[in-house]
Amino acid sequence: MFQSFFPKPKLFFLSFALWAIAAVIGWYSLIQDLGAHLSLAFLFDIHFPEALAEGSDAATQAAFAESQGTALNAWLYQYMALCYGGFIGAWVIYGGQKWAKWSVIGSGAIVFITWFQVQVSVMLNEWYGSFYDLIQKALAEPHSIELVDYYAELSTVAIIILVAITVSVLSNFFVSHYVFRWRTAMTHYYTSKWNQVRHIEGASQRIQEDTMRFASIVENLGVSLLRSVMTLIAFLPILWGLSGYVTELPLIGEVPQALVFTAIIWSIFGTLLLAVAGIKLPGLEFKNQKVEAAYRKELVYGEDYADRADPITLNELFNNVRKNYFRLYANYLYFNIVRYGYLNVGQFVPLIILAPSIIAGAFTLGIMQRVMNAFNQVENSFQYLINSWTTIVELLSIYKRLQAFEAIIDEQADTNTVNDSNT
């Protein structure tokens, strides 16, 4: 499943995880402070500002913060390009695998695009704060702002959204080719072993259908996991800073970093709750594919042999299909009750925990929007397993089938090796 497409899969993914951790730690501990000395953004007239003088007014401080943020972002992009280039270059040279250009370079491109999309979410979060503060001012003081100012603020988000749409469209196009290349690699591997596996029940389905579904689902889950981790890295510091506006929780009282505390506790509770509710689903999905394969195989035999696929046999096989589906539906019934109940209640958790601060007038409408958006981003990241549970169940059933498929290939290869040595 993996070795047909990725060079040395275990080492590749382990090295990526370690490299990513080192890059993140390096950035926050040392690298970001070196931007003023090493950044090449000056070639595009982007400079780190001089230190603020004591007693600077609010306008000067705001201009400094904006200039500093722009220069730091430019330095971050350079750092990320170096990190990606170093990792990808080393693996393309060292990997030496047929599909390395697609698996290594393609994976790097997907990770970079995912990181960029998270940065767009951060920009949108900042924009919502400014925009809703503008709305609050307009509603509190009629005619205090001009219509042109309102539309000017909207035009800034239009540029961000246009970039986001363009990147998403191109990303989807690229990922479609990436997934198909992975399927191609698996298909070539399995078809080269066709004489060893042709007798296995559902062999044709596993090569024709399961390879595509496996590659697609793993890619989707992998990107979702990366997005969740990157979102946490980007928004957790934001939520941590915004927690200064919320110092008290309903029924509990004062809690340090109340927003972060609530997001973590609520997400852990939901993950454990859904894990218990859906514990039987992977086994049922796997069994479901087995009974479907047996029914389909008998129908295929019936096309070529008159003595196969008689009504009695087909009814018996279809009854197995029906029983398993009904058992699956029953399990999904209470799983979905728990899942949708949790997710719908979760929409109101930020409003509940913000209640004391809203009543006290501790922040503006713009700050409230930033808090709620950052809280939802962090909460959704922690809820990766909740949001992906049904997809993970489907992947586990496909993985079990392909794993059993490969086990037979390996077993026959070992048997042939023994026979050759005896000869």
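Not measured: the values here are computed from a predicted model.

To continue, consider the overall build of the protein. Scanning the protein from terminus to terminus reveals 13 helices and two strands. For a compact globule of 423 residues, the expected C-alpha radius of gyration is about 22 Å, and the protein comes in at 27 Å, more than 25% above that figure. Within the protein, the fraction of its 423 residues that count as buried is 39%. Taking all contacts inside the protein whose residues are at least 6 apart in sequence as the whole, residues at least 24 apart take part in 80%. Surface accessibility of the protein: about 23,900 Å² in total, with carbon and sulfur atoms responsible for 65%. Placing the 25 positive and 33 negative side-chain charges of the protein at their respective mean positions leaves the two points 16 Å apart.

Applying the stated criterion across every chain yields a total of 31 aromatic pairs. Relative to Phe335, the ring of Tyr332 lies with its centre 6.1 Å away and its plane at 80°, an arrangement referred to as edge-to-face. Residue Tyr332 and its partner Phe335 are located together in helix α10 (residues 311-346), separated by three residues, close to a single helical turn. With a relative accessible area of 0%, Phe335 lands in the buried category. Every member of this aromatic cluster is reached through a ring pair, and the members are Phe5, Phe6, Phe12, Phe13, Phe16, Trp19, Phe87, Trp91, Trp99, Tyr178 and Trp182.

Here we take up unusual backbone geometry. In this model, Lys8 sits at a positive phi of 45°, which is unusual for a non-glycine residue. Turning to its location among the elements, Lys8 is positioned in the segment before α1 (9-29). What makes Lys8 partly exposed here is its relative accessible area of 40%.

Attention shifts here to the UniProt feature "transmembrane region" (unreviewed entry) in the protein. Those residues carrying the UniProt feature "transmembrane region" (unreviewed entry) are residues 12-30, 76-95, 102-124, 157-180, 225-246, 258-279, 325-342 and 348-368 in this numbering. For residues 12-30, helix accounts for 95% and strand for 0%, while the C-alpha atoms at its two ends are 26 Å apart. Across residues 102-124 one finds 100% helix and 0% strand; the C-alpha atoms that close the span lie 32 Å apart.

Here we come to the pattern of salt bridges. Applying the stated rule across the entire model yields one salt bridge. Among the ionic pairs, Arg370 bridges to Glu126, the shortest N-O distance being 3.1 Å. Here the residue Arg370 occupies a position in helix α12 (residues 365-382), and Glu126 occupies one in helix α4 (residues 100-140), the gap between them amounting to 244 residues. Here Arg370 falls in the buried class, since its relative accessible area comes to 17%. You can call Glu126 partly exposed: its relative accessible area is 35%.

Another point: the packing of helix α11 (residues 349-359) against α12. At a closest axis distance of 10 Å, the pairing of α11 and α12 adopts a crossing angle of 145°. Taken as a pair, α11 and α12 cross one another with a handedness that is right-handed. Residue-level inspection shows Val349, Pro350, Leu351, Ile353, Leu354 and Ile358 of α11 in contact with α12, the latter providing Met368, Val371, Met372, Phe375 and Asn376.

Here α11 has its buried residues at Val349, Pro350, Ile353, Leu354 and Ser357. What you see down the axis of α11 is that its buried residues fit within an arc of 90°, all on one side. Next to the buried residues of α11 lie β1 (248-249), α8 (258-277), α10 and α12.

What counts as what
- Residues numbered from 1 in each chain as written.
- Predicted model: local features only at pLDDT ≥ 70, side-chain atom pairs only at ≥ 80, totals over all residues.
- Heavy atoms only, no water.
- Helix = DSSP H or I, 4+ residues; strand = E, 2+ residues; numbered from the N terminus.
- Rg over C-alpha atoms; globule rule 2.2 N^0.38 Å.
- Buried < 20%, exposed > 50% of the residue type's maximum accessible area, 1.4 Å probe, protein only.
- Contact = heavy atoms within 4.5 Å.
- Areas by Shrake-Rupley, 256 points an atom, 1.4 Å probe, with all protein chains shown as cover.
- Lys, Arg positive; Asp, Glu negative; His and termini not counted.
- Charge placed at Lys NZ, Arg CZ, Asp CG, Glu CD.
- Phe/Tyr/Trp six-rings, centres within 6.5 Å; stacked < 30°, edge-to-face > 60°.
- UniProt positions renumbered as here; feature names shortened; annotations may be inferred.
- Salt bridge = Lys/Arg side-chain N within 4 Å of Asp/Glu carboxyl O.
- Axes fitted to C-alpha atoms, helices over the stretch in contact; angles between N-to-C directions.
- Left-handed = near helix turned anticlockwise from the far one by under 90°.
- Arc of directions from axis to C-beta.

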